[in-house]
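Examining the three-dimensional arrangement
Residues per chain, in single letters:
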Amino acid sequence: MAKEVPAKTHGIGVFLELRRRLQSGLLIVGKDVAQTPADVAVTSGDSSLHIRTPRGVLYLTLPAGVTFEQGSCIPTPAGESCGEELHFRLRISVERSTDEDSSASMMKTLRAKKAYCFYCQGCMTRLLEDRVFKRVLPLPNGNWNAIVDDWCCHPDPFANKKLLPRAEDCLMGDSFVLLARDGSCEQTLTEEVSPVGTDDSQDPKKPCRRLALISCASCSSVLGEAVAPETLKLYVTQVVVEPAVGDRKPEASLNRSLFVERTVAARLLEVSNSLSTYHFSVQTPDGKAFLLLWLLNSDSIIASVPETRVGTESSNGSPALHSPSPRATRALKLLYIACSDTGIQQRDIVTSWEVSVIGHPVVLPLKVCEELLQVMDDSNSTLPASMRCMRSYEVAYLRL
């Protein structure tokens, strides 16, 4: 059965979603914060939104170039959630901002003939010394084998062949890079053979495969695979890549869940823009679908403030020194279903995706798939009750 929608907002104080393309927004205020629309007043400040409630004024910092249109906030029906939430519609003005592309992943910023260093995201150990690539090339998308017959009028010339990089190549997949091994790998990386596909081991037609897993020698985090004796496959969720500039060390590693969130969000956006696809099947290396994603909006700006943080400003009307103003951030809005979900409607959707092959494959290590699902569930739990589900899907936002 589908998950029941919670009756309460579970501590949701204020939720804001702005749409840059539509130049409009939705504001939701929990009734633990304000009882009637008359209790809420919205005004604009210098690059901020001021939301006045009986508890005080909440200051939300807006991205550069986004401003609220004074007097445009009006109440709107909250539907079945009217007993727990107040809904408002508002209008915004959006100017082209220079930081719109700041979320680009390292996959988009790698360039030929420039030096880069690769670091373990977990412990920030330098894995690969200054790498200069003569060629930085994209690999065919994940379904290229399925359509190769449409390219050729003779037998498949790529049958049983792997696309591998030369010594100074960097080949980029949707969620990984392929690099040639060099001497700097011996001290920083370890290799261990691990079986995959054990669930199918009872089927003689599906023998158990083995992967040569590549890990960080310092913290033992799995970074990728050795797809050939001299070729490394490193997942973008496991490494940090920065230009090599003298002895400069990268900044401290981001919180792990935030790194996974931003890295995956940036890649989904880039793949969606390049291939005009909005359905993604997050898979483990053995080809099993783990999570189905449906990208709805890529222009959202969101802020979610718990009920406990509304009204924490100081008495003089300005944010308290120890409580910085919440910041509205760019995000992708997605629908998602975990393939392990036992609900009848969810299983029907998973089957229909598999039969129709409509999800663009995004391969990630099993542990990263689990981390991503946790990020999605955490996002879903912070949403107002009225926004957590859509049809038989759950709703989540991935910040850019």
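Throughout what follows, the structure given in this document is the object of discussion. (Residues numbered from 1 in each chain as written. Predicted model: local features only at pLDDT ≥ 70, side-chain atom pairs only at ≥ 80, totals over all residues. Heavy atoms only, no water.)

This paragraph deals with the overall build of the protein. Counting secondary structure elements, the protein contains 5 helices and 24 strands. Relative to its full complement of 400 residues, the protein shows a buried share of 48%. If you take every contact in the protein between residues at least 6 apart in sequence, the share linking residues at least 24 apart comes to 67%. Summed over all atoms, the accessible surface of the protein reaches about 20600 Å², with 51% contributed by carbon and sulfur. (Helix = DSSP H or I, 4+ residues; strand = E, 2+ residues; numbered from the N terminus. Buried < 20%, exposed > 50% of the residue type's maximum accessible area, 1.4 Å probe, protein only. Contact = heavy atoms within 4.5 Å. Areas by Shrake-Rupley, 256 points an atom, 1.4 Å probe, with all protein chains shown as cover.)

Inspection of the entire model under this criterion finds 14 salt bridges. A salt bridge links glutamate 261 to arginine 399; the shortest N-O distance between them is 2.8 Å. Of the two residues, glutamate 261 is situated in helix 3 (residues 256-275) and arginine 399 in strand 24 (residues 393-399); the sequence distance between them amounts to 138 residues. Given a relative accessible area of 5%, glutamate 261 falls into the buried group. Judged by its relative accessible area of 37%, arginine 399 falls in the partly exposed class. Through salt bridges with shared partners, one network takes in Arg19, Arg21 and Asp299. (Salt bridge = Lys/Arg side-chain N within 4 Å of Asp/Glu carboxyl O.)

Taken as a whole and assessed by the stated rule, the structure comprises 4 aromatic pairs. With a centroid separation of 6.4 Å and an interplanar angle of 90 degrees, the aromatic rings of phenylalanine 118 and phenylalanine 133 are classed as edge-to-face. Here the residue phenylalanine 118 occupies a position in strand 9 (residues 115-120), and phenylalanine 133 occupies one in the loop between strand 10 (126-132) and strand 11 (135-138), the gap between them amounting to 15 residues. In this structure, phenylalanine 118 and phenylalanine 133 share a single accessibility class: buried. Here phenylalanine 176 and tyrosine 235 contribute two aromatic rings whose centre-to-centre distance is 6.4 Å and whose plane-to-plane angle is 75 degrees, an arrangement assigned as edge-to-face. (Phe/Tyr/Trp six-rings, centres within 6.5 Å; stacked < 30°, edge-to-face > 60°.)

Looking now at the environment of lysine 113. Relative to the assigned elements, lysine 113 resides in the loop between helix 1 (106-109) and strand 9. Those residues in contact with lysine 113 that sit more than four places away from it in its chain are Val132 and Phe133.

Here the focus is helix 3. Relative to the 28 Å expected for 20 residues at 1.5 Å per residue, helix 3 spans 28 Å between its end C-alpha atoms, a close match to the ideal helical length. By the criterion of burial, helix 3 is predominantly enclosed, with 14 of the 20 residues buried. Following helix 3 by one or two positions, serine 276 has its phi on the positive side, about 55 degrees. (Expected span 1.5 Å × (residues − 1).)

Turning next to the side chain of glutamate 225. Inspection of the secondary structure puts glutamate 225 in strand 16 (residues 222-228). A polar contact of 2.7 Å, which involves the side chain of glutamate 225, links it to the side chain of tyrosine 235. (Polar contact = N/O pair within 3.5 Å; in protein donor to acceptor, adjacent residues only side chain to side chain.)

This model, assessed by the stated rule, comprises 2 cavities of 30 Å³ or more. The space that makes up the largest cavity amounts to roughly 60 Å³. Around the largest cavity, the lining residues are Asp174, Ser175, Val236, Thr237, Thr263, Val264, Arg267, Leu268, Val362 and Leu364. When residues of the lining of the largest cavity are assigned to their parent elements, the largest contribution, 4 residues, is made by helix 3. (1 Å grid on protein atoms, 1.4 Å probe; cavity = no way out; pocket = protein on both sides within 12 Å on 5 of 7 lines; lining within 4 Å. Points joined across faces, edges and corners; volume = space filled by probe spheres on them.)

Relative to the 18 Å expected for 13 residues at 1.5 Å per residue, helix 4 (residues 344-356) spans 18 Å between its end C-alpha atoms, a close match to the ideal helical length. All buried positions along helix 4 are accounted for by Gln346, Ile349, Val350 and Trp353. The buried side chains of helix 4 occupy one side of the element, clustering within an arc of 100 degrees when seen end-on. More than 90 degrees from the buried face of helix 4, the exposed residues found are Ile344, Asp348 and Val355. Looking at the packing, one finds that the buried side of helix 4 touches strand 19 (279-283), strand 20 (289-306), strand 21 (329-338) and strand 24. Looking at the residues trailing helix 4, positive phi occurs at valine 357, about 50 degrees. (Arc of directions from axis to C-beta.)

When you line up the elements, arginine 347 lands in helix 4. As a C-alpha pair, arginine 347 and isoleucine 337 span 10 residues in sequence and 9.2 Å in three-dimensional space. Leave out the neighbours within four places in its chain, and arginine 347 touches Cys339, Asp341 and Thr342. At 2.6 Å, the side chain of arginine 347 and the backbone oxygen of cysteine 339 are in polar contact.

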